[in-house]
Amino acid sequence: MMDEGWAWSDAWIFVSTVIAGKVGRHRRSPLSRRPEGVRLVDVLTTAEHLNQAIPTREEIETGVRRLLGAGLVSVSDGWFQVTEAGEQLWRDRPRSGLTTTVDSVHGVLDQRYTTTAEAEWQLDDQDHAAAMLEYTGRFLPPTPRRSVENSAAARQGRA
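First, a word on scope: everything that follows refers to the structure included in this document. (Residues numbered from 1 in each chain as written. Predicted model: local features only at pLDDT ≥ 70, side-chain atom pairs only at ≥ 80, totals over all residues. Heavy atoms only, no water.)

## Side note on the nonpolar core
In step 1: Residues Phe14, Ile60 and Val105 are the most contacted members of the largest nonpolar core, which totals 33 residues.
In step 2: Residue assignment for this core shows that the elements contributing at least two residues are helix 1 (8-20), helix 2 (40-51), helix 3 (57-69), strand 2 (79-82), helix 4 (84-92), helix 5 (98-112) and helix 6 (125-139).
In step 3: Looking at this core, the element that brings in the most residues is helix 1, giving seven residues.
In step 4: Not counting residues up to four positions away in its chain, the partners in contact with Phe14 are Leu67, Leu72, Val73, Val82, Gly86, Leu89, Trp90 and Val105. (Core = buried A, V, L, I, M, F, W, Y, C linked by side-chain atoms within 4.5 Å. Buried < 20%, exposed > 50% of the residue type's maximum accessible area, 1.4 Å probe, protein only. Helix = DSSP H or I, 4+ residues; strand = E, 2+ residues; numbered from the N terminus. Contact = heavy atoms within 4.5 Å.)

If you want it as structure tokens, here you go:
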């Protein structure tokens, strides 16, 4: 495969994985990290927070393949984790505001890493559907609880 360079969405997936896994906080509080990694829904939620959009399935698959190939993330049993090399990239990146972090990381990826070593990885249809369903459920307003007592009182008040 010819090296086409890193896509902005590759950096977006990486930064979302870092922030969702609280890797950026590891120096201040080791207990704040998630040692098992994060699930896809956590990556999607963080990505939406960063860019007011959810990565497409293709962006997720391509980004994860490239990040795996570069040794920056790992995925095991549905858990996404930033590797030591990924943590090093994160620590060494140029500091910027949250709105430009993905741009900064994208620049570092372009300068220091090639995309020729894509790993074999595919996002399972059911895993993607489950993550999207859970993501959607996180942001829907809760349904009002109805109880027998409230329903009976409401009917009496209308009569």
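## Description of the side chain of Arg66
In step 1: Residue placement: Arg66 occurs in helix 3.
In step 2: Using a relative accessible area of 7% as the deciding quantity, one classes Arg66 as buried.
In step 3: One polar contact links Arg66 to Glu118, side chain to side chain, over a distance of 3.3 Å. (Polar contact = N/O pair within 3.5 Å; in protein donor to acceptor, adjacent residues only side chain to side chain.)

## Digging into the packing of aromatic side chains
In step 1: Evaluated as defined, the whole model comprises two aromatic pairs.
In step 2: Ring plane angle 40° and centroid distance 5.6 Å describe the contact between Trp8 and Trp12, whose orientation is recorded as tilted. Here Trp12 and Trp8 lie together in helix 1, a separation of four residues that amounts to about one turn.
In step 3: A relative accessible area of 31% places Trp8 in the partly exposed class.
In step 4: We classify Trp12 as buried; its relative accessible area is 3%.
In step 5: Aromatic pair Phe80 and Trp121: ring centres 6.0 Å apart, planes at 80°, arrangement edge-to-face. Placement of Phe80 in strand 2 and of Trp121 in the loop between helix 5 and helix 6 is noted, with a sequence separation of 41 residues between them. The pair Phe80 / Trp121 is uniform in exposure class, with both members buried.
In step 6: Note that Arg93 overlies the ring of Trp90, its terminal NZ or CZ placed 3.7 Å from the centroid. (Phe/Tyr/Trp six-rings, centres within 6.5 Å; stacked < 30°, edge-to-face > 60°. Lys NZ or Arg CZ within 6 Å of the ring centre and 35° of its normal.)

## Considering the packing of helix 1 against helix 2
In step 1: Their axes nearest at 8 Å, the elements helix 1 and helix 2 cross at an angle of 115°. With respect to each other, helix 1 and helix 2 are oriented roughly perpendicular. Here helix 1 and helix 2 pass one another in a crossing that is right-handed. Between helix 1, through Trp8, Trp12, Ile13, Val15, Ser16, Thr17, Ile19 and Ala20, and helix 2, the contact on the second element is made entirely by Asp42, Val43, Thr46, Ala47, Leu50 and Asn51. (Axes fitted to C-alpha atoms, helices over the stretch in contact; angles between N-to-C directions. Parallel < 35°, antiparallel > 145°, perpendicular 65-115°, else oblique. Left-handed = near helix turned anticlockwise from the far one by under 90°.)

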